[in-house]
Amino acid sequence: MRNRPEFHIADLAVLCCGATPVSIYNSSAPDQIEYLAGHCNAVVAIVEDETYYERFVSVHESLPNLRSIVTIDSVTAAPGIDTHAWSDMCMHEPVDLDAACAIANADDLATII
């Protein structure tokens, strides 16, 4: 994602789940996305728009651990790929911040760029 509020919300949410966010540049080609997402065993991808979504879709078959793609902007979902809208993800009950923050600790890796 570009520098937008959803990027920072997602980044903190991933940490509070006990996972490590990995940023991939918007300018990355599909083969770079395949390498980076595959190397870190990405389970979920959060992408900004149709263009970036299509790049993930093009390498989806090579990413066996990738279960879902969340899109900030509206996209046309590819058949057979578990795609979720950011707005749907935000409709759940708020998390207990004390409990979520207790999952992460000071020794956790904060992000990979």
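Residues numbered from 1 in each chain as written. Predicted model: local features only at pLDDT ≥ 70, side-chain atom pairs only at ≥ 80, totals over all residues. Heavy atoms only, no water.

1. Digging into the overall build of the protein
Reasoning step 1: The secondary structure content of the protein amounts to 5 helices and 3 strands.
Reasoning step 2: In the protein, the succession of helices and strands from N to C terminus is α-α-β-α-β-β-α-α.
Reasoning step 3: Put simply, 59% of the contacts in the protein that link residues at least 6 apart link residues at least 24 apart.
Reasoning step 4: When the accessible surface of the protein is split by element, carbon and sulfur atoms take 57% of a total near 7400 Å².
Reasoning step 5: Across the protein, the centroid of the 4 positively charged side chains sits 7 Å from that of the 17 negatively charged ones. (Helix = DSSP H or I, 4+ residues; strand = E, 2+ residues; numbered from the N terminus. Contact = heavy atoms within 4.5 Å. Areas by Shrake-Rupley, 256 points an atom, 1.4 Å probe, with all protein chains shown as cover. Lys, Arg positive; Asp, Glu negative; His and termini not counted. Charge placed at Lys NZ, Arg CZ, Asp CG, Glu CD.)

2. What to know about unusual backbone geometry
Reasoning step 1: The backbone of Asn-41 sits at a positive phi, close to 55 degrees, despite the residue not being glycine.
Reasoning step 2: Along the chain, the position of Asn-41 falls in the loop between helix 2 (30-39) and strand 1 (44-47).

3. So, helix 1 (residues 5-16)
Reasoning step 1: Taking 1.5 Å of rise per residue, the 12 residues of helix 1 would be expected to cover 16 Å, and the 17 Å separating its terminal C-alpha atoms lies within 8% of that figure.
Reasoning step 2: For helix 1, the complete set of buried residues consists of Glu-6, Ala-10, Asp-11 and Leu-15. On an axial view of helix 1, the arc spanned by its buried residues comes to 170 degrees, and they lie on one face. Exposed and facing more than 90 degrees away from the buried side of helix 1 are Pro-5 and Leu-12.
Reasoning step 3: Against strand 1 and helix 4 (86-89) lie the buried residues of helix 1.
Reasoning step 4: Looking at the residues trailing helix 1, positive phi occurs at Gly-18, about 85 degrees. (Expected span 1.5 Å × (residues − 1). Buried < 20%, exposed > 50% of the residue type's maximum accessible area, 1.4 Å probe, protein only. Arc of directions from axis to C-beta.)

This is a description of form; function is not addressed.
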